[in-house]
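# What the coordinates show
Here are the chains, one letter per residue:
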Amino acid sequence: MDDTGPAFVLVCVGSGGGPLESNLSGYLLKPYNAGWEAGIVALEAGSGQGTLKRLLEQEPDLFRTQSSASRTYSASEIYTFVRCFLITHAHLDHVSSLVLSTGSSAGPRKRVYANKETLENLEGMYNWRIWPNLASYDENDEDFKLLYSPLTPNGKYHSVFPDTSVQIVPINHGTTDLGPYSSSAFFIRSDSHPSKREFLFFGDVEPDSITSSTPKIINVWRKAAPMIPSTLSTIFIECSWPSGRPDDMLHGHLTPEHLRDELVALATEVYHFRRSSSSSSSRPQRKRQKRNALSADELRGLLTGVRVYIIHCKDQSTSVDGPSTRELIAGQVRSLVEAAELGAEILSADQGMYISECFRLFLFTFRTAHGRAFAAI
């Protein structure tokens with residue numbers, strides 16, 4: 001495989017944050033050089049087979065590749081290829097299709113990878129009252145359709161699929177009457193790619209600046225900074241609300257201004273990593289302290305080569321004139337990031353997109369359910 005070639009292919013079954021159940025978080029992922037039939041990682045499971053069936057009616061060739069150019073797949077066939085699920089948290093807009101389809105799941109038993117809290121919350125659904133108990137932790141019990149597989153946030157990568165490893169990092173998703181609610185960010189790495197390419201995928205997340213518990217997005221940025229953009233150049237992150245949403249109405253989500261601030265925090269970590277790497281000082285590092293704000297000149301261009309995909313925009317439940325909520329939010333984020341001159345490209349992950357995550361500029365293509373399109377990034 002070419003060092004600069006793509007590592008993964010991802011199809012957006014759904015990329016919205018509700019309230020429309022026809023467009024919820026759900027992505028299908030495979031290694032770039034493998035066929036879909038060789039196995040799929042389902043990243044989130046809000047929208048699933050029903051939504052994919054509708055998408056394939058509009059774009060039957062959505063899953064056609066060079067190795068399978070002569071055939072198309074049905075939605076049910078595609079989901080038999082799923083080998084495991086990666087779930088950031090157990091809110092219904094991220095797991096509803098997983099739960100509903102479990103009883104009719106075909107193919108080999110499927111693992112569900114998530115943090116301990118998320119798996120415990122799923123157990124509360126598979127409890128014979130909300131839904132039949134179709135999952136267990138016992139690897140030897142083939143009577144259960146799903147196998148709970150905890151991911152431990154220990155700074156290590158865990159193999160979840162041939163040639164694909166994941167590192168999970170806890171993030172905050174607001175506070176409930178029961179206390180802080182945890183979500184997850186995933187670093188998803190291609191172990192077979194010569195450059196060990198990876199991308200970063202966020203579950204729902206509240207800004208560090210207003211969190212009522214320990215700030216956690218900063219831990220994600222500190223891990224990402226050394227890889228920007230050489231081996232990590234693609235980030236999927238939520239921005240649920242448009243500009244103007246009050247902080248006390250965020251419910252554990254981001255607005256364009258907060259997302260801009262978080263990208264500034266990432267750029268700041270990139271700046272300090274590059275500065276420390278180029279320093280000839282052999283003095284031991286001091287205990288990590290809060291960063292001082294960088295000047296506009298210091299921030300300029302630090303995220304050049306990074307593509308940021310906006311996900312989980314909350315659709316309007318009624319039609320309105322003008323751009324869609326998704327287009328509005330992406331445009332607001334783009335304007336703020338351009339004004340800060342960070343260098344990152346802001347894109348919207350639209351339902352039906354076919355994305356090849358790649359290393360260098362001009363290798364990226366996508367298709368939508370409304371026809372083929374191309375993007376040079």
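For the protein chain, the name recorded in an unreviewed UniProt entry is cAMP phosphodiesterases class-II-domain-containing protein, with Lentinula guzmanii as its organism.

## Quick look at the nonpolar core
Formed by 39 residues in total, the largest nonpolar core has its most connected members in Leu200, Phe202, Val220, Trp221, Ile235, Leu303 and Ile310. Mapped onto this core, the elements with two or more residues apiece are strand 9 (164-176), strand 10 (179-190), strand 11 (198-202), helix 5 (217-224), strand 12 (232-238), helix 6 (256-278), strand 13 (307-311) and helix 8 (325-340). Sorting elements by how many residues they give to this core places helix 6 first, with 6 residues. For Phe202, the contacting residues outside a window of four places in its chain are Ile171, Ser184, Ala185, Ile217, Val220, Trp221, Ile235, Phe236, Ile237 and Ile311. Counting 37 residues, the second-largest nonpolar core is a separate cluster that includes Trp36, Leu56, Tyr79 and Tyr354.

## Looking at the sheet that holds strand 13
The strands making up a sheet associate through backbone hydrogen bonding, with each pair oriented either parallel or antiparallel. Strand order in the open sheet made by the 7 strands is 8-9-10-11-12-13-14, with mixed pairing throughout. Unpaired on one side and paired on the other, strand 8 (158-161) and strand 14 (345-348) mark the two borders of the sheet. Shown here is a sheet whose adjacent strand axes are inclined to one another by a mean of 30°, direction ignored. Sheet topology places strand 9 next to strand 10; 11 bridges connect them, and they run antiparallel. Bridging across to strand 10, Ser165 finds its partner in Arg189. The sheet strands contacting helix 6 are strand 12, strand 13 and strand 14, and the helix crosses strand 12 at an angle near 150°.

## So, the packing of aromatic side chains
In total, this model carries 10 aromatic pairs according to the counting rule given. Centroid distance Phe8 to Phe199: 5.6 Å. Interplanar angle 75°. Geometry classified as edge-to-face. Taken together, the positions of Phe8 in strand 1 (residues 8-14) and Phe199 in strand 11 put the pair 191 residues apart, joining distant regions of the chain. As far as the burial class goes, Phe8 and Phe199 line up, both buried. With 5.4 Å between their ring centres and 90° between their planes, Tyr73 and Phe81 make a pair best called edge-to-face. Accessibility expressed as a relative area gives 13% for Phe81, which makes it buried. Among the aromatic residues, ring-to-ring pairing joins Phe8, Tyr27, Phe199, Phe201, Phe236 and Tyr309 into one connected group. Against the face of Phe187 rests Lys223, its NZ or CZ located 4.9 Å from the ring centre.

## Details of the pattern of salt bridges
Under the criterion given, the structure shown has 10 salt bridges. Where Lys116 meets Glu120, a salt bridge forms, and the shortest distance between an N and an O atom there is 2.4 Å. Here Lys116 pairs with Glu120, and both are found in helix 4 (residues 116-123), just 4 residues apart, close to one helical turn. Judged by relative accessible area, which is 56%, Lys116 ranks as exposed. The partner of Glu341 in a salt bridge is Arg300, with the nearest N and O atoms 3.1 Å apart. Within this pair, whereas Glu341 is found in the loop between helix 8 and strand 14, its partner Arg300 is found in the loop between helix 7 (296-299) and strand 13, the two being separated by 41 residues in sequence. One network of salt bridges, in which partners are shared, links Asp297, Arg300 and Glu341.

## Digging into unusual backbone geometry
A cis amide bond links Gly18 with the next residue in sequence, Pro19, at an omega value of 5°. Relative to the assigned elements, Pro19 resides in the loop between strand 1 and strand 2 (26-31). Backbone torsion omega between Ile228 and Pro229 reads -10°, so that peptide bond is classified as cis. Along the chain, Pro229 turns up in the loop between helix 5 and strand 12. One non-glycine residue, His312, lies in the positive phi region at around 65°.

Cut-offs and rules
Residue numbers restart at each chain and count upward from 1, following the sequence in its written direction. For a predicted model such as this one, the threshold for reporting local features is a pLDDT of at least 70, and the threshold for listing and counting side-chain atom pairs is 80 or more; totals across whole chains, interfaces and linings nevertheless cover every residue. Side-chain numbers come from the whole structure's heavy atoms, not from hydrogens or water. Joining through side-chain atoms within 4.5 Å is the link that ties buried Ala, Val, Leu, Ile, Met, Phe, Trp, Tyr and Cys residues into a set, and such a set is a nonpolar core. For every residue, the accessible area (1.4 Å probe, protein chains only) is compared with the maximum for its type, and the residue is labelled buried under 20%, exposed over 50%, or partly exposed between those bounds. By the criteria applied, helices consist of DSSP H or I runs no shorter than four residues and strands consist of E runs no shorter than two, each listed in order from the N terminus. In this analysis, two residues are considered to be in contact whenever any of their non-hydrogen atoms come within 4.5 Å of each other. Two strands are counted as paired when DSSP detects at least two bridges linking them. Fitted lines through C-alpha atoms give the axes, limited to the stretch in contact for helices. The angle between two N-to-C directions lies from 0 to 180 degrees. Pairing of aromatic rings covers Phe, Tyr and Trp, the last through its six-membered ring, and needs centres within 6.5 Å; plane angles under 30 degrees mean stacked, over 60 mean edge-to-face, and all others mean tilted. The rule is short: NZ of Lys or CZ of Arg within 6 Å of the ring centre and within 35 degrees of the ring normal puts a charge over the ring. The salt bridge criterion pairs a side-chain nitrogen of Lys or Arg with a carboxyl oxygen of Asp or Glu, the two atoms within 4 Å.

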